[in-house]
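Each chain, written out:
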Amino acid sequence: MINIGEYIEMAVEWLTEHGASFFDLLSLGVESVIDGILCVLLGIPFYITIAILTFLALYKSGRGTGIFTLLGLSLVYGMGFWEETMQTLALVLSSTGMALMLGIPLGIWMAGSGHCNKILQPVLDCMQTMPAFVYLIPAVLFFGLGTVPGAFATIIFALPPVARLTALGLRQVPKNVEEAARSFGATPVQLLFKVELPLALPTILAGVNQTIMMSLSMVGAAMISAGGLGEVVLKGITQMKIGMGFEGGIAVVILAIVLDRITQGMARKKQKE
């Protein structure tokens, strides 16, 4: 009998014991980012936040999405879940930002190296198909309870789409365009930033959209005290308050649709350009 779990436990225990200082420092940095974003979101009056998101939705996705954003976010405020929604949004924005900082360079590397692509594809498959809450177990051991383990579990779960789609977008850049840029004396760095990435941007933005959606699907991280709308849903389940659970779920759906339509609209505009 091959007991893989025993070896995984040994590895996690070794990391927990020998990397405590590193994980404490990392936790402090990530928590500062999340708290900073949350302070900004909660410091802005709710009606200004609704107005900004409504304008973005109107500009990027049209009148229908703008009206939905206005009515949907007003409903969230009316249900009394504005603070929890901002907590969820802060966790999603910070997790998405960190996932993009890791995923886009990884996608560029995969597009430029066939060996790297072959090695990383199974790793990304594992990250994307492993049950998301499995990541919470080591994350809690490394970082304790709170928003930080939820953020790290979300990053691992949400990183594969943007890495894959960045690599896909760069591979789809027409070869004749690349050759023309090289013939005019473009360096590899200029070729990447001035030709390949701008042409691949619609596909990369589709990856950003998927990363945001997968980050939102991790709101259940409330079970490790990550807070936000996930905690509202969790209270509804554990305390058998069906109405509260559904209200929390409706708020998650509204936030997801608003972010989805805005990012999709951005991708469509870039594609037309």
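Preceding this paragraph is the structure being described.
Residues numbered from 1 in each chain as written. Predicted model: local features only at pLDDT ≥ 70, side-chain atom pairs only at ≥ 80, totals over all residues. Heavy atoms only, no water.

Trainee: Describe the packing of helix H5 (residues 82–112) against helix H11 (residues 229–238), listing the residues and the values that go with them.
Mentor: Where H5 meets H11, the axes come as close as 7 Å, and the angle between the chain directions of the two elements is 120°. Classified by the angle between their axes, H5 and H11 sit oblique to one another. Judged by residue contacts, Glu84, Thr85 and Thr88 of H5 engage Leu229, Gly230 and Val232 from H11. Grouping the amino acids of the contact of H5 with H11 by side-chain chemistry returns two nonpolar, three polar and one charged. (Axes fitted to C-alpha atoms, helices over the stretch in contact; angles between N-to-C directions. Helix = DSSP H or I, 4+ residues; strand = E, 2+ residues; numbered from the N terminus. Parallel < 35°, antiparallel > 145°, perpendicular 65-115°, else oblique. Contact = heavy atoms within 4.5 Å. Nonpolar A, V, L, I, M, F, W, Y, C, P; charged D, E, K, R; others polar.)

Trainee: Account for a negative patch on the surface, with residues named and values stated.
Mentor: Negative charge collects at one region of the surface, where Glu6, Glu9, Glu13 and Glu17 lie side by side. When you line up the elements, Glu17 lands in helix H1 (residues 4–18). With a relative accessible area of 61%, Glu17 lands in the exposed category. (Patch = residues over 30% accessible without salt bridge, like charges linked within 9 Å, V, L, I, M, F, W, Y side chains within 5 Å. Areas by Shrake-Rupley, 256 points an atom, 1.4 Å probe, with all protein chains shown as cover. Salt bridge = Lys/Arg side-chain N within 4 Å of Asp/Glu carboxyl O. Lys, Arg positive; Asp, Glu negative; His and termini not counted. Charge placed at Lys NZ, Arg CZ, Asp CG, Glu CD. Buried < 20%, exposed > 50% of the residue type's maximum accessible area, 1.4 Å probe, protein only.)

Trainee: How would you summarise the state of the cysteines if you had to cite specific residues and measurements?
Mentor: Under the defined criterion, the tally for this structure stands at zero disulfides. The closest cysteine sulfur to the non-disulfide-bonded Cys116 is located on Cys126, 16 Å from its own sulfur. Taking relative accessible area as the criterion, Cys116 reaches 6% and is therefore assigned buried. The exposure class of Cys126 is partly exposed, given its relative accessible area of 38%. (Disulfide = S-S within 2.5 Å.)

Trainee: Could you give me a rundown of the packing of aromatic side chains, with the residues and numbers involved?
Mentor: Taken as a whole and assessed by the stated rule, the structure comprises six aromatic pairs. Taken together, a centroid distance of 6.4 Å and an interplanar angle of 75° make the contact between Tyr77 and Trp82 edge-to-face. Residue classification places Tyr77 among the partly exposed positions, given a relative accessible area of 40%. Judged by relative accessible area, Trp82 falls into the buried class, the value being 9%. Put simply, the rings of Phe46, Tyr47, Tyr77 and Trp82 touch in pairs and so form one group of aromatic residues. (Phe/Tyr/Trp six-rings, centres within 6.5 Å; stacked < 30°, edge-to-face > 60°.)

Trainee: So what's going on with the side chain of Ser215? Residues and values would help.
Mentor: Structurally, Ser215 is set in helix H10 (residues 188–216). For Ser215, the residues in contact, after removing those within four places along its chain, are Val92, Ser95, Thr96, Thr154 and Ala158.

Trainee: I'd love a proper account of the packing of H5 against H10, names of residues and values included.
Mentor: With their axes 10 Å apart at the nearest point, H5 and H10 run at an angle of 140° to one another. Put simply, H5 runs oblique to H10. Between H5 and H10 lies a crossing whose hand is right-handed. Contact residues: H5 offers Thr88, Val92, Ser95, Thr96, Ala99, Leu100, Ile104 and Ile108, while H10 offers Leu192, Leu197, Ile204, Val208, Thr211, Ile212, Ser215 and Leu216. Residue composition of the contact of H5 with H10, by class: 11 nonpolar, five polar and no charged. (Left-handed = near helix turned anticlockwise from the far one by under 90°.)

Trainee: Give me the lowdown on the layout of surface pockets, citing residues and values where you can.
Mentor: Of the voids in this model, the largest pocket is the one considered here, and its volume is about 650 Å³. Looking at the lining of the largest pocket, the elements with two or more residues in it are H1, helix H2 (20–43), H5, helix H7 (136–143) and helix H8 (147–171). (1 Å grid on protein atoms, 1.4 Å probe; cavity = no way out; pocket = protein on both sides within 12 Å on 5 of 7 lines; lining within 4 Å. Points joined across faces, edges and corners; volume = space filled by probe spheres on them.)

Trainee: Before we move on, can you summarise the pattern of salt bridges with the specific residues and values?
Mentor: All chains considered together, the criterion is met by three salt bridges. As a salt-bridge pair, Arg164 and Asp125 come within 2.4 Å of each other at their nearest N and O atoms. Residue Arg164 is found in helix H8, and its partner Asp125 is found in helix H6 (residues 114–129); the two are separated by 39 residues along the sequence. Between Glu178 and Lys175 there is a salt bridge, with its nearest N and O atoms 4.0 Å apart. Here the residue Glu178 and the residue Lys175 both occupy positions in helix H9 (residues 175–183), the gap between them amounting to three residues, near one helical turn. A relative accessible area of 51% places Lys175 in the exposed class.

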